[in-house]
Amino acid sequence: YGNFIDDLRLYVRGGTGGMGYPRLGGEGGRGGDVWFVARERTTLKSIRDRYPQKRFVAGTGANSSVRALKGEKGKDCEVHVPLGISVLCDDGKQIGELNAAGERFLAARGGLGGSLATNFVPCKGQRRIVRLDLKLIADVGLVGFPNAGKSSLLSKISHAKPEIANYAFTTIQPELGKIMYADYKQISVADLPGLIEGAHANKGMGHKFLKHVERTKQLLLVVDVSGFQLSIKTRFRTAFETILLLTKELELYKEELLTKPALLAINKMDLPGAKDDLNELMKQLQNPHDFLHLLQEEMIPANTLEFKDIIPISAYTGEGIEELKTCIRKSIDEEAEKENEEYRKKKLLLLQTSE
């Protein structure tokens, strides 16, 4: 999976409380807490490199003394984590998430200091093993089989420089690029490792890929107009079959993914015979139910994806790239407007009910 790390196990322990002072009824200070704080430009790799032990222990509370009957609280331990982190217990249960810069999560609480309630004996801090799970946050996620031209497309529409080659599985780690517009608006695009049939069952890089799709606002399916064949042993799939298989994989992993707004980019329009293949595909997409018999029953998705736009492109020659960028912008703006409208309606409702 290259140098890219998208999960990390850490040991966290809150500080022990300070000793109480039985003779004068003094209270020891509380132990420090361990906090996760979301920071931009932080990666899980930088945490691992900086703290190879992956242990985070907060400071011990000060003992109660004649000079200070109330001991001082122990020093907190702050761990800077990237945005888009889910915090999981060791058993896989999610206990928190951090999505915006500055958000904080209490990972381990410090122990109470010695006091009358604890017979002046301090308590130990909370200790546990937690897992940080990263899901990339991007406006648009590129979805497609290997070799569909996702990396080439990302390099054409943004300043990202992913590795590009003419064999399947060139992309072994997610790549983030930003589309820059003339009015300085930026839209982030994530290019993710290629899906294969059976990805929902974690074949290939199934779950490592699919979990990143969850955090993207919209999907951009990239399909090779001439079809796709992973290897000599696997069946050849036409562009229409590829779209259905991609939909099926998303559906089997998490049905909510199909509710995201989706665009379809039909790539490699520079190939000979591409125009005929495109006409055939458009016919099939207009009445998909008439062509479902082409696939085995278990490969047919329960719901087909509704595409807001279908754009023929060539990442090689640059044909249709500007139109695609415009469609992405339009789609993102429309969704943002919808969200604002819903937010305004909710506010209005709250005002009306409070009156």
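Notes on the structure in this doc start here. (Residues numbered from 1 in each chain as written. Predicted model: local features only at pLDDT ≥ 70, side-chain atom pairs only at ≥ 80, totals over all residues. Heavy atoms only, no water.)

### Let's talk about the packing of aromatic side chains
For any pair of aromatic rings, the description rests on two quantities: the centre-to-centre distance and the angle between the ring planes. Note the following rule: Two rings from Phe, Tyr or Trp (for Trp, the six-membered ring) form a pair when their centres sit within 6.5 Å of each other. Planes less than 30 degrees apart are called stacked, planes more than 60 degrees apart edge-to-face, and all others tilted. Numbered from the N terminus, helices here are DSSP runs of H or I no shorter than four residues, and strands are runs of E no shorter than two. Burial classes follow relative accessibility: with a 1.4 Å probe on protein chains only, a residue under 20% of its type's maximum area counts as buried, one over 50% as exposed, and anything between as partly exposed. Any Lys NZ or Arg CZ found within 6 Å of a ring centre and within 35 degrees of that ring's normal is scored as a charge over the ring.
Enumeration over the complete set of coordinates arrives at two aromatic pairs. An angle of 20° between the planes, with centres 6.4 Å apart, marks the rings of Phe-36 and Phe-105 as stacked. Remark: Phe-105 occurs in strand S7 (residues 104–108) and Phe-36 occurs in strand S2 (residues 34–38); sequence separation between them is 69 residues. Of the residues examined, Phe-36 reaches a relative accessible area of 0% and is grouped as buried. We classify Phe-105 as buried; its relative accessible area is 14%. Look at Tyr-51 and Phe-56: their rings are 4.9 Å apart centre to centre, the planes differ by 65°, and that puts the pair in the edge-to-face class. The exposure class assigned to Tyr-51 is partly exposed, which follows from its relative accessible area of 32%. A residue is classified by how much of its surface remains accessible, and Phe-56, at 3% relative accessible area, is buried. Directly above the aromatic system of Trp-35 lies the positively charged group of Arg-104, at a separation of 4.6 Å from the ring centroid. The ring of Tyr-181 has Arg-329 lying over it, and the distance from NZ or CZ to the ring centre is 5.1 Å.

### Remarks on the sheet that holds strand S8 (residues 127–134)
Convention followed: Only strands that DSSP links by at least two bridges are regarded as paired with each other. Axis definition: a line fitted to C-alpha atoms, limited for helices to the stretch in contact. Angles are taken between N-to-C directions and run from 0 to 180 degrees.
Here we have five strands laid out as an open sheet, ordered S3-S1-S8-S5-S6, and mixed in their pairing. What marks the edges here is a single partner per strand, and that holds for strand S3 (55–57) and strand S6 (94–98). In this sheet, neighbouring strand axes are inclined to one another by 25° on average, regardless of whether the strands run parallel or antiparallel. Across three bridges, strand S1 (residues 7–13) lies against S3 in parallel orientation. Bridge pairing links Val-12 to Phe-56 in S3.

### What to know about the packing of helix H4 (residues 239–253) against helix H5 (residues 274–286)
We apply this condition: Roughly parallel covers angles under 35 degrees, roughly antiparallel covers those over 145, roughly perpendicular covers 65 to 115, and oblique covers all other angles. Note on contacts: a residue pair is in contact if any heavy atoms of the two residues lie within 4.5 Å. Each residue gets one label: Ala, Val, Leu, Ile, Met, Phe, Trp, Tyr, Cys and Pro are nonpolar, Asp, Glu, Lys and Arg are charged, and the others, such as Gly, are polar.
It is at 9 Å that the axes of H4 and H5 come closest, and there the two elements cross at 45°. Judged by the inter-axis angle, H4 sits oblique to H5. Counted together, Ala-239, Phe-240 and Ile-243 of H4 and Leu-281, Gln-284 and Leu-285 of H5 form the full contact between these two elements. Per-class residue counts for the contact of H4 with H5 are five nonpolar, one polar and no charged.

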